[in-house]
Amino acid sequence: MFFPANLPSAAAVMSAYAAFAASTMLIRTVLNEVRNMINHFIPKRFQEKIISKLEGLLGNLSPQMTFIIDEHSGLAINQIYEASKIYLTTRITPAVQRLRVSKAPRDKNFSVTINKGEKVVDTFKGVEVIWEMVCVENELPNLDRASEQRSFELTFNKKVMDLVLTSYLPYVLEKSKAIKEENKVVMLFSQRSDTPYGSGSINFEHPSTFDTLAMDPILKKELIDDLDRFVNRKDYYKRVGKAWKRGYLLYGPPGTGKSSLIAAMANYLKFNVYDLELQSLRSNSDLRRLLISTENRSILVIEDIDCSVGLQNRQAVEDKDKKNAGKLPLSGLLNFIDGLWSSCGDERIIVFTTNHRDKLDPALLRPGRMDMHIHMSYCTPPAFKFLASNYLGIDTHGTFGDIEKLISEVEVTPAEIAEELMKSEKADVSLGGVLKFLRAKKMERTEVKLEGHDVEI
Ligand SMILES: Nc1ncnc2c1ncn2[C@@H]1O[C@H](COP(=O)(O)OP(=O)(O)OP(=O)(O)O)[C@@H](O)[C@H]1O
Ligand SMILES: [Mg+2]
C-alpha cells in the first residue's frame, strides 16, 4: 500500500476511472454522430475547423494517460519518486542520450540517473510504459530546498491504468528497495542538540566487522545468530504481539571492544547507527522528538549509560545528587525502553554500553529490558592469537607461549595489544613489543601488590 491513508485508494481511483471511461465512450459515440452530420450538412472547407473545436470542447480523448510523480509530496519526499529514480537506473537503454553520473566517497557503485527531458521505455507484463524526467524552474527561488521542481511523468495506455496502479508501481517500489539494500552505505547519525537527526549524518567509516573483532568465539556466534534470528522474524514478532526490537547491554573495561562491536553489528546488518547523547536531553519529550526522527533498520546507541543519565542508583537521584541535576531521570529512560521505544518504528536495535555494570540501577538490568548482556573482557590467550593473525597474518611464533602465559596473569585490553601489534609489520619486532609491554604490566602489578602487603604489615 503506497498511498497515505487520507488519500483515495487505488481501488477508489479505479472505480471513478471506470465511470469516467464509460462516459468517454458515450461522448465518443456522440462525437462520431456529430461528425457524420457535419460531413452531410457543412461545406468541406469548414469541416476540419469545426471538428477540432468540438474535440477541444469535449476534452482530450487521447488514449494515453500520464501520471505525474513529483519529487516532494508536501514537505516529505515522495516515496514513489525516490523509488522510480532508483528503479530507472536499471532500465537505461542505448536510446537514452544524457545521464547524470555521481558517486559519494563511500558509495559502492556509481549512481546513474536519467537527465531532464530524457525518456525511458519500459515493458511490464507485455505492456509498454514511458518514463520522462521533467524539471520546472521554481518561480520563487529558495522557496524550497531545490530551485527547480523535479518530477517523473509516466505515460501509458489508459486501458492498463489498473495494472500500472496495482502491479507496476508496487513492483517499482519493491525493486528499488532491493537495489537500495544492495548498495547501502551504513550511516552514522550524530545528534546535535538543536536539530533532529538527519541533518548531521555522516557515512559510517568504522571498519570493524565480526571478522576483525576479538571476542569469545562462542559468544560471537551466539550474537550473530541472535541478530540473524531477529532480522528474519518479522512475522513472528507480529504474531506474538511483540514490538520488533532488540536490546543489548555491552559491558566491560575501556578498550575491550564495545564500540567496535557496535560497528561490527551495524556493518553486518547494514543498519544505520544513531549515537544518542543523553546529556543533551532534558526531558522525555526531547527523547520522543529525537526518536521519531530516527529511521527503521537502525541501531540506537547510548554509550556509557552510567555516566550519561541521572540514574546511578535512584537513591542518589532522590538524595538530590548535584552531579545528576539536569540529566534525564532514570524513570524517563525506563519509560522510553518499555513504552515509547516499543511503539516507535520497526526493526530497531538499542545498545547500551557501560564500563561498570555493577553501578547501573537494578531496574535497568531487570530481565526483559535488555535482551542480551554481553561481557567484553580483558584479552585472553585465544583473543591474542586472533589479533596476531589479524594484524600480522601469522598463526605461530616463538614468543606466543610466553605471551599467552603472561596474558592470563595480567589484565590487558585488546586495545592495548592491538596498539603494540601495530607498531611494526615485522612480527619479531611487534611481538617483542607485546612481550615487553606485558612484562612491564606484570611488574607493575607485583609492585602494587607488594605495596599493599607493606601497608598491611
Ligand atoms: N575485542 C577487540 N577486537 C579487536 N580490536 C579491538 C578489540 N577491543 C579493542 N580493540 C581495538 O581497540 C580500539 C578501541 O576499542 P573500542 O573503542 O571498541 O573500546 P571500548 O570498549 O568501546 O572502550 P570505551 O569503554 O573506552 O569506549 C578499537 O578501535 C580496536 O582497534
Ligand atoms: Mg567505546
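Note that the structure is a prediction, hence the values are computed from the model and not measured.

### Describing the environment of Lys 245
Part 1 of the reasoning: With respect to the helices and strands, the residue Lys 245 is situated in strand β11 (residues 245-251).
Part 2 of the reasoning: Separated by 54 residues in the primary sequence, Lys 245 and Ile 299 have C-alpha atoms spaced 9.9 Å apart.

### Some details on the packing of helix α5 (residues 217-231) against helix α7 (residues 258-269)
Part 1 of the reasoning: Interhelical geometry of α5 versus α7 gives an angle of 40 degrees and a closest axis separation of 11 Å. One way to sum up the angle between α5 and α7 is to call them oblique. Our pair here, α5 against α7, has a crossing hand that is right-handed. For the pair α5 and α7, the contacting residues are Leu 223, Ile 224, Leu 227, Asp 228 and Val 231 in the first and Leu 261, Met 265, Tyr 268 and Leu 269 in the second.
Part 2 of the reasoning: Split by residue class, the contact of α5 with α7 holds eight nonpolar, no polar and one charged.

### Re unusual backbone geometry
Part 1 of the reasoning: In the Ramachandran plot, Lys 270 falls in the positive-phi region, its phi being about 60 degrees despite a non-glycine side chain.
Part 2 of the reasoning: For Lys 270, the position within the fold is in the loop between α7 and β12 (272-275).

### Section: the confidence of the model for the chain
Part 1 of the reasoning: The predicted model of the chain has a mean per-residue pLDDT of 79, with 70% of residues at 70 or higher.
Part 2 of the reasoning: Taken as a whole, residues 192-200 scores under 50 in pLDDT and shows 20 contacts with residues more than four places along the chain or in a different chain.
Part 3 of the reasoning: Across residues 311-317 the pLDDT falls below 50, and counting only partners more than four positions away or on other chains, this stretch makes 20 contacts in the model.
Part 4 of the reasoning: As scored by the predictor, the complex reaches a pTM of 0.63 and an ipTM of 0.98.

### Section: the environment of Ile 92
Part 1 of the reasoning: Within the fold, Ile 92 resides in the loop between α3 (79-88) and β4 (99-102).
Part 2 of the reasoning: The residues touching Ile 92, leaving out its near neighbours within four places in the chain, are Leu 99, Val 112 and Ile 114.

### Observations regarding the pairing of β11
Part 1 of the reasoning: Counting buried residues in β11 gives seven out of seven residues, a clear majority hidden from the surface.
Part 2 of the reasoning: Side chains Lys 245, Gly 247, Leu 249 and Tyr 251 project from β11 onto one buried face, and the interleaved Arg 246, Tyr 248 and Leu 250 project onto a second face that is buried too.
Part 3 of the reasoning: When β11 meets strand β14 (residues 348-354), the two strands line up parallel, connected through seven bridges. Bridge pairing in β14 places Leu 249 opposite Phe 352.
Part 4 of the reasoning: Both β11 and strand β15 (residues 372-375) contribute to a ladder of four bridges, which runs parallel. From the neighbouring strand, Tyr 251 faces β15, where its bridge partner is His 375.

### Let's talk about α3
Part 1 of the reasoning: Among the ten residues in α3, seven count as buried, and that is most of the element.
Part 2 of the reasoning: Taken together, the buried positions of α3 are Ile 80, Tyr 81, Ala 83, Ser 84, Ile 86, Tyr 87 and Leu 88.

### Thoughts on the site of ligand 1
Part 1 of the reasoning: Taken together, 16 residues lie around ligand 1, and Ala 214, Gly 255, Lys 258, Ser 259 and Ser 260 are the ones closest in.
Part 2 of the reasoning: Within the side chain of Ser 260, one N or O atom sits 2.6 Å away from an oxygen atom of ligand 1.
Part 3 of the reasoning: Here an oxygen atom of ligand 1 sits 3.0 Å away from a polar atom, N or O, in the side chain of Asn 355.
Part 4 of the reasoning: Its free accessible area being 630 Å², ligand 1 has 74% of it covered by the protein chains.
Part 5 of the reasoning: Listing elements by their share of the shell around ligand 1, those giving two or more residues are α7, α13 (381-392) and α15 (414-421).
Part 6 of the reasoning: The element that contributes the greatest number of residues to the shell around ligand 1 is α7, accounting for three residues.

Analysis parameters
- Residues numbered from 1 in each chain as written.
- Chains lettered and ligands numbered in written order.
- Predicted model: local features only at pLDDT ≥ 70, side-chain atom pairs only at ≥ 80, totals over all residues.
- Heavy atoms only, no water.
- Helix = DSSP H or I, 4+ residues; strand = E, 2+ residues; numbered from the N terminus.
- Axes fitted to C-alpha atoms, helices over the stretch in contact; angles between N-to-C directions.
- Parallel < 35°, antiparallel > 145°, perpendicular 65-115°, else oblique.
- Left-handed = near helix turned anticlockwise from the far one by under 90°.
- Contact = heavy atoms within 4.5 Å.
- Nonpolar A, V, L, I, M, F, W, Y, C, P; charged D, E, K, R; others polar.
- pLDDT = per-residue confidence, 0-100.
- Buried < 20%, exposed > 50% of the residue type's maximum accessible area, 1.4 Å probe, protein only.
- Pairing = 2+ DSSP bridges.
- Near = heavy atom within 4 Å.
- Polar contact = N/O pair within 3.5 Å; in protein donor to acceptor, adjacent residues only side chain to side chain.
- Areas by Shrake-Rupley, 256 points an atom, 1.4 Å probe, with all protein chains shown as cover.

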